[in-house]
Amino acid sequence: MTLRQERRPGAGRLAPSPTGGLHVGHARSFLIAWLASRQAGGPVVLRIEDLDASRARPEAADSVLVDLRWLGLDWDEGPDVDGPFGPYIQSQRRTIYEESLNQLKAAELVYPCTCTRADIERAASAPHAEDEGPTYPGTCANRSAADAAGLGDRPFAWRFRVPAGPVAWDDLFLGTREIDPARIGGDFIVGRNGQGPAYQLAVVVDDAFMGIDQVIRGDDLVPSTPRQLLLYRAFGWTPPRFGHVPLVVGPDGRRLAKRDGSIKLSALRDAGVDPRRLVGSLAASLGAPSSTRSSPGDLISEFDLAEIPTSAWVASPAAWSDGL
Ligand code: GLU
């Protein structure tokens, strides 16, 4: 099978990881992605990103669908409605990732790496961005793909050879961005032997194969974008447009996380919150004309990515759950 890139103007995707229920921060990013795609007249794809077996919980995939529907979002393709580019659950797409990894092996763009996390920490000499871990020092980079056969039972990962130099893109939200992935993270993992693909590979293969035209997601994923752009280049595919929106913070100024049970959509649903009040607050946070209750569909015509404030949005739950 040869992977062929699809092109579908305006196509967008919602790509949740089923790791424990969506919160208001996810709701905002997904609402933005949905609005951008609906406004552009493209299809919306729902893809469940459940490759991280240690974190993904099967029942959480169902609750993601319930959360998104409660919010008033819909999709044209997804695990429950199917579509031309399915399956839409990553754990069911392993053959496609295997094929793409084989392409990278054949081109000697990946090599088998037997370093443990501790090896890399010890070898790291340069300071590193907090979330990114140390830059991989290239210990195994002299191996060829074929050397994997001689590793016997040793566990190893496939690392992508990152070329030197910055990677730039024109972010739909942040403007021109430039990151040098050789200096931040270095050669990155695209798969683990016996365990399948890593996020960076799977997401690129899926977005290309599903014809995604705009990838709109939280700005915690900015450091992934130059790596993904390198993979597009390696496969000879045209990348989608990327837009990274600021995450939502709680009243304490910290990023919303699963620890904030009160802002989980399931908790709001159980408490009888009207989702249109939440969407109304989210709409106001996006610079839309103020309205206490809105449905996502009401916002499509007025939506403007350029109107969204660049600073993090402080969620104040009273706006949607007061008076209950
Ligand atoms: N599944 C990823 C997450 O929930 C998002 C991946 C992406 O948007 O590229 O963090």
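Below or above, wherever it landed, is the structure these notes cover. Residue indices follow the written sequence of each chain, beginning from 1 at its first position. Local features in this predicted model are restricted to residues of pLDDT 70 or higher, and side-chain atom pairs are both shown and tallied only at a pLDDT of 80 or more, whereas totals for entire chains, interfaces and linings draw on every residue. Where side-chain values are given, they derive from all heavy atoms of the structure, hydrogens and water being excluded.

Let us now look at the overall build of the protein chain. Numbering of helices and strands runs from the N terminus; a helix is a DSSP stretch of H or I covering at least four residues, while a strand is a stretch of E covering at least two. Looking only at helices and strands, the protein chain features 10 helices and 12 strands. Against the 2.2 N^0.38 benchmark of 20 Å for 324 residues, the protein chain shows a C-alpha radius of gyration of 20 Å, consistent with a compact globule. Whether a residue is buried, partly exposed or exposed follows from its accessible area with a 1.4 Å probe, protein chains only, as a fraction of its type maximum: under 20%, in between, or over 50%, in that order. Classification of the 324 residues of the protein chain by burial places 52% in the buried group. For the protein chain, the computed accessible surface area is about 14500 Å², with 49% contributed by carbon and sulfur atoms. Note on charges: Lys and Arg go in the positive column, Asp and Glu in the negative column, and His and the chain ends are not counted at all. The location of each charge is read from NZ of Lys, CZ of Arg, CG of Asp or CD of Glu. Averaging the positions of the 35 positive and the 41 negative side-chain charges in the protein chain gives two centres separated by 3 Å. Radius of gyration here uses only the C-alpha atoms, and the compact-globule reference equals 2.2 Å multiplied by the residue count raised to the power 0.38. Here the accessible surface of atoms and residues is derived via Shrake-Rupley with a 1.4 Å probe, and residues count as covered only by protein chains that are part of the display.

With that settled, the discussion passes to the side chain of Thr225. The topology assignment puts Thr225 in helix H6 (residues 224-235). In this structure Thr225 comes out as buried when scored by relative accessible area, which is 0%. The contact criterion used is simple: two residues touch if any of their non-hydrogen atoms lie within 4.5 Å. Contact partners of Thr225, with chain neighbours within four places excluded, come to Trp169, Arg217, Phe242 and His244.

Counting through the fold element by element, Arg8 comes out in the segment before strand S1 (12-14). For Arg8, the contacting residues outside a window of four places in its chain are Pro43, Val45, Glu77, Phe85, Met210, Gly211 and Asp213.

By definition here, a salt bridge exists when the distance from a side-chain nitrogen of Lys or Arg to a carboxyl oxygen of Asp or Glu is within 4 Å. Under the counting rule described, the total for this entry stands at 15 salt bridges. Of the charged contacts in the structure, one is a salt bridge between Asp206 and Arg93, with a shortest N-O distance of 2.8 Å. Here Asp206 is found in helix H5 (residues 199-209), whereas its partner Arg93 is found in the loop between helix H2 (58-71) and helix H3 (94-106), with 113 residues between them in sequence. Of the two residues, Asp206 and Arg93, neither departs from the other in class, the shared state being buried. Close ionic contact of Asp252 with Arg254 constitutes a salt bridge, the shortest N to O distance being 3.9 Å. Among the charged side chains, a salt-bridge network with shared partners connects Arg13, Arg47, Glu49, Arg93, Asp206 and Asp207.

So, on to H2. Along its 14 residues, H2 runs 21 Å from first to last C-alpha, staying within 8% of the 20 Å computed at 1.5 Å per residue. Contacts from the buried residues of H2 go to S1, helix H1 (24-39), strand S2 (44-46), helix H7 (265-270), helix H8 (275-285) and helix H9 (296-299). Positive backbone phi, at 100°, marks Gly72, one or two positions downstream of H2. Helix span is expected to be 1.5 Å times the residue number reduced by one.

Locating Ala202 in the fold gives a position in helix H5. Judged by relative accessible area, Ala202 falls into the buried class, the value being 0%. For the pair Ala202 and Glu98, spaced 104 residues apart in sequence, the C-alpha to C-alpha distance is 9.7 Å. Setting aside anything within four residues of it in sequence, one finds Ala202 in contact with Leu51, Gln90 and Tyr97.

Turning our eyes to something else, we now look at the pairing of strand S10 (residues 241-245). Most of S10 is tucked away: 4 of the 5 residues are buried. Think of it this way: DSSP has to see at least two bridges between two strands before they count as a pair. Where strand S9 (residues 214-218) and S10 come together, 5 bridges link them in parallel fashion. Of the residues in S10, the one forming a bridge with Arg217 is His244. Seen with its strands pointing away from the viewer, a crossover is right-handed if its path from the first strand over the helix to the second goes clockwise. On the question of chirality, the crossover connecting S9 to the parallel S10 by way of H6 is right-handed.

Once that is clear, we can look at the sheet that holds strand S7 (residues 188-192). Strand order in the open sheet made by the 4 strands is S3-S4-S7-S8, with antiparallel pairing throughout. What marks the edges here is a single partner per strand, and that holds for strand S3 (110-113) and strand S8 (196-197). Note: S3 against strand S4 (residues 157-160), 4 bridges, orientation antiparallel. Bridging across to S4, Cys113 finds its partner in Ala157.

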